[in-house]
Amino acid sequence: MASSKSLLNSFQAALQRREAKSSRRRLTVLPPGSVDFSSNDFLSLSTSSSFRSRFLHHVNSTPVSQPLASGGSRLLDGNSHYAEELEKFIAGFHNAPGGLLFNSGYDANVGVFSCIPQPGDVILYDELIHASIHEGMRLSRATRRLKFSHNSPSGLKEVLQKQIEDDQTIANGTRNVFIALESVYSMDGDIAPVKEFIQVVHDLLPRGNGYFIVDEAHATGVFGPRGAGVIQGLDVQKHMFIRVHTFGKALASHGAIVLCDSLTRDYLINYARSLIYTTALAFPSLASIRTAYELLQQEETESLRQNLKHLIQHFRARLKEIQPADSSILEVDHFPDSPIFSFRSPFPRDLATACQQKGFIVRAIMPPTVPAGKERVRVCLHAGNTTKEIDDFLKVVQEWAAQKKAAVPHL
Ligand SMILES: Cc1ncc(COP(=O)(O)O)c(C=O)c1O
């Protein structure tokens, strides 16, 4: 008993350390009726009546012999014709040779990065890459994992050049280099210069031992033709070894697909432990994913994408008009066309609270989710937001900034 008390004491101390650094996390439930400027439901599909009715139609029109639960791992009893058909349908939509479903984007990245790079291989990753890729890399057998500056082709070039100079097996093509990118970054909303990265790798690794793995979590449904992603928007899919699309954001569902060739798919089925040792997605999840992809394919989400685009432009225009603000209090970063805005401030929690009190859901994002000094309130726009909501929200932000400036004039 004494030892369990000391364990709980160490939990308490750890939480208090986070409290002192203003980085303690808490679960919260959204108050009903608040305006969503926070979730990743970019197309507002999760509240769309056409999504709901199509989903229910899928569920209700399957024979009762179709079990609702998957009943086990994909490798045991959890597979179905429905899942295999869905993989083919999604791979076709993304112009990929094949695909393998995972239970989440987290599981997909852990599965891919933990087993694909071989001993002796190197992983080069963007410094802002998602935590799930870090988790996969931690489990991987790659000999080295090295970061390069965010979204910087010259940063990648510098790190890759050094690997080639120092390691003969990379230079002669015996060992491989994996380049890990996100196409749209979750916190800054900026888009990777994918073509420039391809050029760097093509120039420095002419033997073809450079492999891109790109996470399209935040691009899926929003960017590219019919929402197929940034990579298809640039028509560079043949240069990507693996693409990961997740369904929990704009597609209002859950799970992810790893797009790859059939041999790689087979290898993942045999070695990706986050696929092998977990119960497969249940039928309602598969039906929801199918619903979302049918809507994309039939261009039923195009008007939502147009509306989102219009709202992004409106938000940018209003920001220009009102952005008074002393940059020591508030600075807004935004990448054109992205639904994600960063309201950077030394007081992100205060700003988030002020907005929440007026009925606008936004969240303060603190280290370690973002680097120290890059704290912000992350603002996400959705197809279902309105220009009035945007105007009202920005008014609250403007008032908050003025009050803060008056309260801390020395800043
Ligand atoms: C870039 C990126 N990759 C992967 C994930 C994980 O996806 P999921 O939420 O489906 O586990 C996220 C979600 O936070 C993400 O932002």
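Each chain carries its own residue numbering, running from 1 in the written order of its sequence. In view of the model being predicted, local features appear only for residues whose pLDDT reaches at least 70, and side-chain atom pairs are presented and counted only at 80 or more, with totals across whole chains, interfaces and linings using the full set of residues. For side-chain calculations, the full set of non-hydrogen atoms in the structure is used, while hydrogens and water are omitted.

Caption draft 1: Expanded view of the sheet that holds strand S12 (residues 363-365). Spatial ordering of the open sheet is given by S9-S10-S13-S12, a layout of four strands whose pairing is antiparallel. Whereas interior strands pair on both sides, the edge strands pair on one side only; in this sheet they are strand S9 (331-334) and S12. Taking each pair of neighbouring strands and ignoring which way they run, the sheet shows an average axis angle of 35°. Only strands joined by at least two bridges in the DSSP assignment are considered to pair. Helix numbers and strand numbers start at the N terminus; a helix is a DSSP run of H or I with at least 4 residues, a strand a run of E with at least 2. When S9 meets strand S10 (residues 340-344), the two strands line up antiparallel, connected through four bridges. For every element, the axis is a line fit to its C-alpha atoms; helices are fit only across the contacting stretch, and the angle between N-to-C directions ranges from 0 to 180 degrees.

Caption draft 2: View of the sheet that holds strand S8 (residues 256-260). Strands sit in the order S2-S8-S7-S6-S5-S3-S4 across an open sheet of seven strands; the sheet is mixed. Unpaired on one side and paired on the other, strand S2 (98-102) and strand S4 (144-148) mark the two borders of the sheet. This sheet shows a mean twist of 20° between the axes of neighbouring strands, independent of strand direction. As paired strands, strand S3 (residues 122-126) and S4 are joined by five bridges and run parallel to one another. Among the inter-strand pairings, Leu124 is bridged to a residue of S4, identified as Leu146. Helix H6 (residues 153-166) contacts S3, S4 and strand S5 (177-182) of the sheet and is inclined by roughly 150° relative to S4. When checking whether two residues touch, look at their non-hydrogen atoms; a contact exists if any pair is within 4.5 Å. Strands in contact with helix H10 (residues 262-271) are S2, strand S7 (240-246) and S8; relative to S8, the strand with the most contacts, it is inclined by about 135°.

Caption draft 3: A nonpolar patch on the surface, seen in detail. On the surface, Leu7, Leu8 and Phe11 cluster together to form a nonpolar patch covering roughly 300 Å² of accessible area. You can see Leu8 is positioned in helix H1 (residues 2-20). Per-residue accessibility, obtained with a 1.4 Å probe over protein chains only, is compared with the maximum for each type, and a residue is labelled buried under 20%, exposed over 50%, and partly exposed between these values. A relative accessible area of 54% places Leu8 in the exposed class. Two distance rules govern patches: like charges are joined within 9 Å, and nonpolar side chains (Val, Leu, Ile, Met, Phe, Trp, Tyr) within 5 Å, applied only to residues with over 30% relative accessible area and no salt bridge. Only the protein chains shown count as cover for residues, and the accessible areas themselves come from Shrake-Rupley with a 1.4 Å probe. Salt bridges are counted wherever a side-chain nitrogen of Lys or Arg sits within 4 Å of a carboxyl oxygen of Asp or Glu.

Caption draft 4: View of the site of the ligand. The environment of the ligand is formed by Ser104, Gly105, Tyr106, Asn109, His130, Ser132, Glu182, Ser186, Asp215, Ala217, His218 and Lys249. Polar contacts here mean pairs of N or O atoms no more than 3.5 Å apart (in protein, one a potential hydrogen donor and the other a potential acceptor; neighbouring residues in sequence count only if both atoms are side-chain atoms). Within the backbone of Gly105, one N or O atom sits 2.7 Å away from an oxygen atom of the ligand. Protein burial of the ligand: of its 390 Å² of free accessible surface, 81% is covered by the chains. With a 1 Å grid laid over protein atoms only, a set of points is called a cavity when a 1.4 Å probe fits there but cannot get out and a pocket when it is open yet has protein on both sides within 12 Å along at least five of seven lines; lining residues have an atom within 4 Å of a point. A molecule is counted as occupying a cavity or pocket when more than half of its atoms fall within 2 Å of that pocket's grid points. Put simply, the ligand lies in the second largest pocket. Ranked by the residues each element gives to the shell around the ligand, the list is headed by helix H4 (residues 105-115), at three residues. Of the residues that constitute the shell around the ligand, the class distribution is two nonpolar, seven polar and three charged. Residues are labelled near a given molecule or strand when at least one of their non-hydrogen atoms is within 4 Å of it. Amino acid classes used here: Ala, Val, Leu, Ile, Met, Phe, Trp, Tyr, Cys and Pro are nonpolar; Asp, Glu, Lys and Arg are charged; the rest, including Gly, are polar.

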